[in-house]
Amino acid sequence: MMKRALMVAEKPSLAASLANILSNGRSTNRKGINNACSIHEWNMQFKGESVHFLMTSVCGHVMSLDFVGKFNNWDRVDPAELFHCPTEKKEAVAKLKMPPFLAKEAKGCDYLVLWLDCDKEGENICFEVIDAVRESMRITDHNVFRAHFSAITEKDIKAAMNNLGKPNENEAKSVDARQELDLRIGCAFTRFQTRFFQGKYGDLDASLISYGPCQTPTLGFCVQRHDEIQTFKPEPYWVLQVTVQTSEGKEVVLDWERVRCFEKEIATMFLMQVKEFKEAKVTSVSMKEKAKVRPLALNTVELMRVASSGLGMGPHHAMQIAERLYTQGYISYPRTETTHYPENFDLLEVLRQQQHSSDWGEEVREVLSSGINRPKKGHDAGDHPPITPMRTASRSELDGDSWRLYDYITRHFIATVSRDCTYLSTTAKFEIGKEVFKCTGKTLLDPGYTIVMHWQSFSKNETVPPFSDGEIVNIQEAKLQECQTCPPDYLTESELITLMEKHGIGTDASIPVHINNICQRNYVAVGSGRRLVPTSLGIVLVHGYQKIDPELVLPTMRSALEEQLNLIAHGQASMHAVLQHSLEIFKQKFLYFVKNIEGMDQLFEVSFSPLAMLGKALSRCGKCRRYMKYVQAKPARLHCSHCDETYSLPQNGVVRIYKELKCPLDDFELLSWSAGNKGKSYPLCPYCYNHPPFRDMKKGSGCNACTHPSCPHSLNSNGVSSCVECDGGVLVLDPASGPKWKLSCNRCDVIIHIFDDAHKVAVDDGTCECGAQLICVNYKEERTKLPNEATELTGCVFCSPDFANLVEKHRAINRPNRMAPGGRAARGRGRGRGGKGRGKGKPKDKMAQLAAYFV
């Protein structure tokens, strides 16, 4: 019987490319049980015998780390417990069902070959895949292999297949340790300060007030520059400027060798001394050939810097594009710290591929004819070769940003093997009394690499007139120019990346994520020239940390932590010991922070307004019957100033009063939340949303998930059918959605638009044979869309032919309805319609019919 081997790549597109190369284009493919990943199959020689290969992929991490259930409740768990409470691995994306998918494909396989990205995260995913298939195939040291590759080319992939190694468990453990540290430290600080400050201030304009061991020092750099700007005091200085006239009558402005003087009286004294002379004497003329050196080979940090400063792309966006170019085979692996090509790297072959390009082919042919220059010796981090173009592309093949990034990567590579740019630097020195002046010029000799990196070329020759030693020239003018020192500008993304790399904050893979986080959390805003301007919230947070414990915002803490994690990766330290030591340090810092939070609160009081002073009256409190205020600033919430209670609301939508109706359980007035005509909507009780009245109702649930047996707004009264797209979801009628009536799943983003312009729609007591509740629809006579101009009809939205043209199913516009911090959005399994079991059934024979409603 032929042996079988399972190959796993990191992304579906990468799996397809690898299968095509390894099978020489002869693979067949089929969809996996999760509908997200394909399986490519072919036969090939392996270990001296014919083996049936199956190539598939994951979609990033298979598993993610989280706290066990009860510790995810913000209300009932002291954040200090998070430093030592139990954690568990959960599926990273539950709907992908990745572990069962991998287990099914691994069944009966004899070998496992892992084609994950060749970095620490990739090593970690290797072991996630191994764990997922462990029960389906026998795992030993002799049947699990790791492919190491840096580019998606036939040469690289087949070389990797012929030189398979083993996955690196130490590197995988270092990633596990980093995940656990970031989870425990970040969540403890984030939960505490979010609840503390959002319960007091209403205009923070942030859903989370987060802390991160990397994120916060990153923000600290931005605020430090802001503070330097704010405390900067301009200082006047004076420059002595002399203009001379050559024998040909050309005027030349000379530079003062002292550069500038901060005392006006002294500067004036120098001016008077110079004005005593009518002529200047040339004391020396020197000429020296200089070079503008070609760049080092390209690594990730430099690519992000150039993308931000030169191409106007954020580093996070730039790396997403680079990864896409890599999986498409246009460039080599884009995450590398190395700037040095190995001796056996075929630079000539890479260059030849570009010689027919319409954009830089002429420059490449010139380099090939004159002979390539070996790239400058850079840093060898031992990971991947520098970022290199692996095949030629044209403007028509790639979209705008993809082309611009590919264009830069290719031009940078060509520049590394080109000649240096050389020029002649001429300096003439002049003497006027005892003061020395000079003028400098440049004459281009060989443009070298600047032909291809044209933005670095000389704009024009800055020549110096032909002065000679001892020549006397007339002084045309001598004057003092008053200037002022200027404050530094806000940090650019490029400058911030440099600081992060210098201080060891994050890795080449995580640096863009940290910068993106401080932007998304409203701690900094990206200004013109991609400069990072801290917001009031970002400034107050950093100043607060500095007031309580400056180490929380200094880069030294994280860089020391990264050194510990690297020891794990190199097998020089125990993961358990590093975790225990680091968590104990941060726990003590957290307890001290909590004890002294008033120091930060004093700064918040100056910058933000109390909840009681903000918002507009919206609905009545069920406890005191007074109006509660609706605070629209992120996170949206209700605040009762009389009871001093704050109630979280669904985010990213419109909240309105719902017909002045009340919840039968707590007397709070009901609200209606909507994400617009194409989004989801449902009524909710503010109190039940925050304090679920039933055990099977999760925090953050609206009336469409409430299992009250008789409330006319509950799931029991308005549920129609189980959702065929997700497990546990129920399609529920939104009674407030008319005249654009809709059913929406109370768990996923499926929406069914029904009976447009109907006067009234209600769920009937009857049940269809398919298991769904019947719907009763009523139209006004002049607007009816029912057959035979009927105004009222009862039937099944899935089965009734009369309803076929009045039902349209699609997915909701993606406006994430996240609950405000304090609890997770509802994840519980939706019930049918209460204990009676009505509406539980999925339409048994209508699965295809319902799916056909998708557009």
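Computed from a predicted model, the values in this text were never measured in an experiment.

Trainee: Would you mind going over the overall build of the protein chain in detail, with residue names and values included?
Mentor: Counting its secondary structure elements, the protein chain contains 21 helices and 31 strands. The principal-axis extents of the C-alpha atoms in the protein chain amount to approximately 110 × 80 × 65 Å. Taking all 855 residues of the protein chain together, the buried fraction comes to 51%. Partitioning the contacts of the protein chain with sequence separation of at least 6, the portion at a separation of at least 24 is 67%. Here the protein chain has roughly 39200 Å² of accessible surface; of this, 48% comes from carbon and sulfur atoms. For the protein chain, the separation between the mean place of its 107 positive charges and that of its 101 negative charges on side chains is 5 Å.

Trainee: Lay out helix α11 (residues 361-370) with the relevant residues and their values.
Mentor: Buried within α11 are the following residues: G361, V364 and V367. What you see down the axis of α11 is that its buried residues fit within an arc of 125 degrees, all on one side. Within α11, the exposed residues directed more than 90 degrees away from the buried face are E362 and S369. Elements in contact with the buried residues of α11: α10 (347-352) and α12 (400-416). Immediately beyond the C-terminal end of α11, within one or two residues, lies G371, with a positive phi of roughly 95 degrees.

Trainee: Talk me through the sheet that holds strand β11 (residues 279-292); I want residue IDs and the actual numbers.
Mentor: Strand order in the closed barrel made by the 6 strands is β9-β10-β13-β12-β11-β14, with antiparallel pairing throughout. Averaged over all neighbouring strand pairs, the angle between strand axes comes to 40 degrees, with direction disregarded. Two elements, strand β12 (residues 421-432) and strand β13 (residues 435-446), share 11 bridges in a ladder whose sense is antiparallel. When the bridges of β13 are listed, L424 appears paired with T443.

Trainee: Tell me about the side chain of E41, residues and numbers included.
Mentor: The residue E41 is located in strand β3 (residues 38-46) in this model. At a separation of 2.6 Å, a polar atom in the side chain of E41 contacts the side chain of R30. Among the polar contacts listed, one links the side chain of E41 to the side chain of H52, at a separation of 2.7 Å. Sequence-distant contacts of E41, that is, excluding residues within four places in its chain, are made with R26, S27, T28, R30, H52, F53 and L54.

Trainee: Could you give an account of the pairing of strand β18 (residues 627-631), naming the residues involved and the relevant values?
Mentor: Pairing of strand β17 (residues 616-620) with β18 involves 4 bridges; the strand directions are antiparallel. Directly across from K616, in β18, lies its bridge partner Y630. With antiparallel pairing between neighbouring strands as the criterion, β17 and β18 make up a hairpin whose turn holds 6 residues, including R625 at a positive phi of roughly 65 degrees. Where β18 meets strand β19 (residues 637-640), 3 bridges bridge the pair, whose relative direction is antiparallel. The residue of β19 that forms the bridge with Y630 is L638.

Trainee: Let's hear about the pairing of strand β22 (residues 669-674): which residues, and what values?
Mentor: Across the 6 residues of β22, 6 count as buried, placing the element largely inside the fold. Side chains E669, L671 and W673 project from β22 onto one buried face, and the interleaved L670, S672 and S674 project onto a second face that is buried too. Here strand β21 (residues 654-662) runs beside β22; their pairing, made up of 5 bridges, is antiparallel. When the bridges of β22 are listed, V655 appears paired with W673.

Trainee: Tell me about the nonpolar core, and name the residues and values.
Mentor: Residues M55, W115, F149, L405 and F604 are the most contacted members of the largest nonpolar core, which totals 127 residues. Formed by 30 residues, the second largest nonpolar core is a distinct cluster that contains L733, I754, Y779 and L806.

Trainee: Quick one: what's the story with the packing of helix α6 (residues 215-231) against helix α15 (residues 536-548), residue by residue and with numbers?
Mentor: Two elements in contact, α6 and α15, have axes whose closest approach is 9 Å; the angle formed by their N-to-C orientations is 100 degrees. One finds that α6 runs roughly perpendicular with respect to α15. Where α6 approaches α15, its residues T216, L219, G220, V223, H226 and D227 are matched on the opposing element by G538, I539, V542, H543 and Y545. Looking at side-chain class alone, the contact of α6 with α15 contains 5 nonpolar, 5 polar and 1 charged residues.

The rules behind these values
- Residues numbered from 1 in each chain as written.
- Predicted model: local features only at pLDDT ≥ 70, side-chain atom pairs only at ≥ 80, totals over all residues.
- Heavy atoms only, no water.
- Helix = DSSP H or I, 4+ residues; strand = E, 2+ residues; numbered from the N terminus.
- Buried < 20%, exposed > 50% of the residue type's maximum accessible area, 1.4 Å probe, protein only.
- Contact = heavy atoms within 4.5 Å.
- Areas by Shrake-Rupley, 256 points an atom, 1.4 Å probe, with all protein chains shown as cover.
- Lys, Arg positive; Asp, Glu negative; His and termini not counted.
- Charge placed at Lys NZ, Arg CZ, Asp CG, Glu CD.
- Arc of directions from axis to C-beta.
- Pairing = 2+ DSSP bridges.
- Axes fitted to C-alpha atoms, helices over the stretch in contact; angles between N-to-C directions.
- Polar contact = N/O pair within 3.5 Å; in protein donor to acceptor, adjacent residues only side chain to side chain.
- Core = buried A, V, L, I, M, F, W, Y, C linked by side-chain atoms within 4.5 Å.
- Parallel < 35°, antiparallel > 145°, perpendicular 65-115°, else oblique.
- Nonpolar A, V, L, I, M, F, W, Y, C, P; charged D, E, K, R; others polar.

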